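Summary of the model geometry
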Amino acid sequence: MADKKMWGGRFAEGTASSVEEYTESQSFDRVLFEEDIQGSMAHARMLARQGVLTSDEAEAIVVGLGRVRDEIESGEFVWRRELEDVHMNIESRLTEIIGPLGGKLHTGRSRNDQVGLDFRLHVARRLDEWRDLLAALVSVLVDKAHENRAVLLPGCTHFQPAQPVSLAHHLLAYAQMFKRDHQRAGDCAGRTRISPLGAAALAGTTYPLDPASVAEELGMDGAFANSLDAVSDRDFAIEAVFDATLIMAHLSRLCEEIIIWANPAFGFVALPDAFTTGSSIMPQKKNPDVAELMRGKTGRVYGSLTTLLTLVKGLPLAYNRDMQEDKEPFFDADRTVRASLSIMADMLQETGFNADAMRAALSKGFLNATELADYLVGKGLPFREAHHVSGAAVGYAERAGKGLEDLSLDELRSFSALIDQDVMETLKYETAVARREAPGGTGPNSVDRQISDLTTWLDSLE
Ligand code: ARG
């Protein structure tokens with residue numbers, strides 16, 4: 001049954017069923033059908049422009065491909081495992097519909113440049129979707145920051161209380177990460193929108209093809225420079241999945257904070273019911289499962305990156321069948337990153353921040369100790385001594401079970417005669433935040449500037 005295969009000319013025997021099952025990719029690469037059909041239509045039109053096909057032939061092929069597309073979209077298309085992949089399933093059906101002319105479509109083309117084109121188109125489109133989702137998430141963060149400009153919470157280093165910051169400033173830190181992810185995905189998309197069509201199997205072709213015009217018709221930025229590279233390169237997918245890992249890393253850090261903040265010992269956030277789950281045994285529970293799962297799913301995206309990097313590391317030029325394994329890791333990372341970005345935006349939108357709980361936490365941990373040291377520096381004391389004096393006051397207050405702001409002026413003065421009544425203003429948490437107006441700091445004007453810069457950036461994307 002060798003003639004069942006589109007490549008079966010030289011074969012006397014058919015493929016073992018186990019091999020057919022092992023080597024097929026149509027079960028997953030059918031996701032690429034739209035890109036495959038668009039690429040084939042562009043190829044057929046170019047063949048006609050170059051005089052390789054007549055314009056009637058190209059037209060008939062394009063119409064036939066449109067019918068195949070309709071069949072796939074309506075679900076009536078019959079996918080056949082013995083036809084291996086999305087490319088041969090589509091071409092075979094095209095030939096059933098329009099007759100032997102379908103066989104002319106593959107002129108000057110190989111599945112090697114064809115799959116490269118399909119995958120590049122697909123990855124570039126997904127990168128654009130990630131960018132839209134990232135912008136939507138930044139927009140929610142900016143809105144929430146705007147609403148919470150006056151809310152203060154303990155900023156931490158080593159997860160220990162360090163200095164007070166505004167909640168807006170904290171949320172905007174994530175906005176910056178996701179903005180960079182957006183830019184990274186844009187950079188990657190530029191390198192991805194390069195068409196390999198015309199490289200053929202590996203060496204280029206003898207037909208007078210015009211790869212640049214195909215690239216242009218498909219909305220790509222240009223055509224390949226080296227045919228061997230064109231069919232071997234999977235950098236674009238690896239880079240895209242790397243971008244996905246960073247997006248997930250950023251989401252996962254945010255998830256970790258949401259999980260901590262939702263613990264009643266903190267009580268900083270009230271998660272919406274729709275984004276939490278209960279326990280089958282403990283009636284009081286409201287678990288942050290969405291954030292936990294997102295943190296967990298981060299690992300599988302990292303896994304996809306490792307899979308892809310390992311896949312290409314030992315491959316000689318040019319195409320190797322190993323490369324068929326490049327798709328599922330990307331598809332999985334794409335699914336995970338899109339769902340995660342969208343659900344994080346929705347969850348944050350509905351999350352309530354508990355300003356009172358954050359305020360109460362400020363008084364635990366001497367977040368104004370640096371202010372006292374800076375105050376003394378302002379009075380002429382060298383910083384090292386000021387640090388020591390403030391530390392001694394912290395030790396005293398801690399033994400007394402108080403905050404620095406709860407000590408009397410006399411108590412404070414016992415640590416340094418430089419301390420006056422004006423220290424009381426200095427020790428206020430609001431003062432500490434308000435004084436940090438240097439660019440990028442947590443001061444209210446600085447935060448307003450960050451909000452307006454991000455808003456301008458978001459507007460520029462439209
Ligand atoms: N299904 C294949 C892939 O994804 C298409 C390219 C096949 N090329 C070949 N020479 N067998 O890589």
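Scroll up to find the structure this text is about.
So, a few notes on the structure that sits alongside this text. Predicted, not measured: the structure shown is a model, and the values here were computed from it. Along each chain, residue indices are assigned from 1 in the same order as the chain's sequence is written. The predicted nature of this model means local features are confined to residues of pLDDT at least 70 and side-chain atom pairs, given and counted, to a pLDDT of 80 or more, with totals for whole chains, interfaces and linings taken over all residues. The side-chain values count all of the structure's non-hydrogen atoms but skip hydrogen atoms and water molecules.

A closer look at helix H15 (residues 383–399)
For H15, spanning 17 residues, the distance from its first C-alpha to its last is 24 Å, which sits close to the expected 24 Å at 1.5 Å a residue. Between buried and exposed lies partly exposed: a residue is buried under 20% and exposed over 50% of the maximum accessible area for its type, with that area taken using a 1.4 Å probe on protein chains only. By definition, any uninterrupted DSSP run of H or I lasting at least four residues is a helix, any uninterrupted run of E lasting at least two residues is a strand, and each is numbered from the N terminus. Residues of H15 that are buried: Ala 386, Val 389, Ser 390, Ala 393, Val 394, Gly 395 and Ala 397. Elements in contact with the buried residues of H15: helix H14 (369–378). Among the residues trailing H15, Gly 401 stands out with phi positive, at a value near 70 degrees. Expected span of a helix, by definition, is 1.5 Å for each gap between consecutive residues, and there is one gap fewer than residues. The contact criterion used is simple: two residues touch if any of their non-hydrogen atoms lie within 4.5 Å.

So, the side chain of Asn 148
Position of Asn 148 relative to the elements: it lies in the loop between helix H6 (111–147) and strand S1 (152–157). Asn 148 sits in the buried class, given a relative accessible area of 9%. Any N or O atom pair separated by 3.5 Å or less is treated as a polar contact, with the protein-specific requirement of one donor-capable and one acceptor-capable atom, and with residues adjacent in sequence counted only for side-chain atom pairs. Of the polar contacts made by the side chain of Asn 148, one reaches the backbone oxygen of Lys 144; its length is 2.8 Å. When sequence neighbours within four positions are dropped, the list of residues in contact with Asn 148 reads Leu 167, Ala 168 and Phe 353.

Structural notes on the nonpolar core
The criterion is simple. A nonpolar core is a set of buried Ala, Val, Leu, Ile, Met, Phe, Trp, Tyr and Cys residues joined through side-chain atoms within 4.5 Å. The biggest cluster of nonpolar side chains holds 72 residues, and the ones touching the most others in it are Leu 137, Phe 178, Leu 251, Trp 261 and Met 344. Counting residues per element, the ones that place at least two in this core are H6, helix H7 (167–192), helix H10 (235–262), helix H11 (289–312), helix H12 (327–350), helix H13 (355–362) and helix H19 (444–460). When residues in this core are grouped by element, the largest group, 15 residues, is from H10. If we skip the residues at most four places from it in the chain, Trp 261 touches Leu 153, Leu 167, His 170, Phe 266, Gly 267, Phe 268, Val 269, Phe 353 and Met 358. By size, the runner-up hydrophobic cluster in this structure holds 28 residues, among which are Met 41, Ala 44, Ile 72 and Leu 101.

Overview of the environment of Leu 246
Looking at where Leu 246 falls in the secondary structure, it is placed in helix H10. Along the sequence, Leu 246 and Asp 181 sit 65 residues apart, while their C-alpha atoms lie 7.3 Å from each other.

What to know about the site of the ligand
Near residues are defined by distance, with any heavy atom within 4 Å of the molecule or strand qualifying the residue. In the neighbourhood of the ligand, the contacting residues comprise Ser 25, Asp 29, Asp 85, His 87, Arg 111, Asn 112, Val 115, Tyr 319, Gln 324 and Lys 327. A distance of 3.3 Å separates a nitrogen atom of the ligand from a polar atom in the side chain of Ser 25. Between the ligand and Tyr 319, the relevant distance is 2.4 Å, taken from an oxygen atom to a side-chain nitrogen or oxygen of the residue. Every accessible area reported is derived by Shrake-Rupley at a probe size of 1.4 Å, with residue values counting cover from the shown protein chains alone. Within the complex, 86% of the 340 Å² of free accessible area of the ligand lies under protein.

Here's the deal with a nonpolar patch on the surface
On the surface, Leu 202, Leu 228 and Leu 317 cluster together to form a nonpolar patch covering roughly 270 Å² of accessible area. With respect to the helices and strands, Leu 228 occurs in helix H9 (residues 227–232). The partly exposed category is assigned to Leu 228, whose relative accessible area is 33%. What goes into a patch is any residue over 30% in relative accessible area without a salt bridge, connected to like charges within 9 Å or, for nonpolar side chains (Val, Leu, Ile, Met, Phe, Trp, Tyr), within 5 Å. The working definition used for a salt bridge is a side-chain nitrogen of Lys or Arg within 4 Å of a carboxyl oxygen of Asp or Glu.

Let's talk about unusual backbone geometry
Cis rather than trans, the peptide bond between Leu 317 and Ala 318 has omega equal to 0 degrees. Here Ala 318 shows up in the loop between H11 and H12. One non-glycine residue with positive phi stands out, namely Phe 159, at about 55 degrees. With relative accessibility at 48%, the residue Phe 159 sits in the partly exposed group. For Phe 366, which is not a glycine, the phi torsion comes out positive at approximately 55 degrees.

Digging into the packing of aromatic side chains
Pairing of aromatic rings covers Phe, Tyr and Trp, the last counted by its six-membered ring, and requires centre-to-centre distances within 6.5 Å; plane angles under 30 degrees mean stacked, over 60 mean edge-to-face, and any other angle means tilted. What the rule picks out here adds up to nine aromatic pairs. Taking the centre distance of 5.5 Å and the plane angle of 75 degrees together, the rings of Phe 119 and Phe 236 count as edge-to-face. Here Phe 119 is found in helix H6, whereas its partner Phe 236 is found in helix H10, with 117 residues between them in sequence. Like Phe 236, Phe 119 is buried. Put simply, the rings of Phe 119, Trp 130, Phe 236 and Phe 330 touch in pairs and so form one group of aromatic residues. Above the face of the Phe 11 ring, Arg 10 is positioned so that its terminal group lies 5.8 Å from the ring centre. Here, a charge over a ring is recorded when the distance from Lys NZ or Arg CZ to the ring centre is within 6 Å and its angle to the ring normal is within 35 degrees. Over the ring of Phe 119 we find Lys 327, and its NZ or CZ is 5.6 Å from the ring centre.

Some points on helix H4 (residues 55–74)
The end-to-end C-alpha distance of H4 is 29 Å, a good match for the 28 Å that 20 residues give at a rise of 1.5 Å each. Within H4 the residues assigned to the buried category are Glu 57, Ala 58, Ile 61, Val 62, Gly 64, Leu 65, Gly 66, Val 68, Arg 69, Glu 71 and Ile 72. Downstream of H4 by a residue or two, Gly 75 has a phi angle that is positive, lying close to 90 degrees.

As for the side chain of Glu 24
Checked against the element boundaries, Glu 24 lands in the loop between helix H1 (17–23) and helix H2 (26–29). As used throughout, the charge tally considers Lys and Arg to be positive and Asp and Glu to be negative, leaving His and the chain termini uncounted. Buried Glu 24, no salt bridge; nearest opposite-charge side chain is Arg 30, N-O distance 6.3 Å. Aside from chain neighbours lying at most four places away, what touches Glu 24 is Arg 81, Glu 84 and Gln 324.

Notes on the pairing of S1
Across six bridges, S1 lies against strand S2 (residues 160–166) in antiparallel orientation. Within S2, the residue paired with Leu 152 across the bridge is Ser 166. As consecutive antiparallel partners, S1 and S2 are separated by two residues, and within that stretch His 158 has a phi angle of approximately 55 degrees, a positive value. Only strands joined by at least two bridges in the DSSP assignment are considered to pair.

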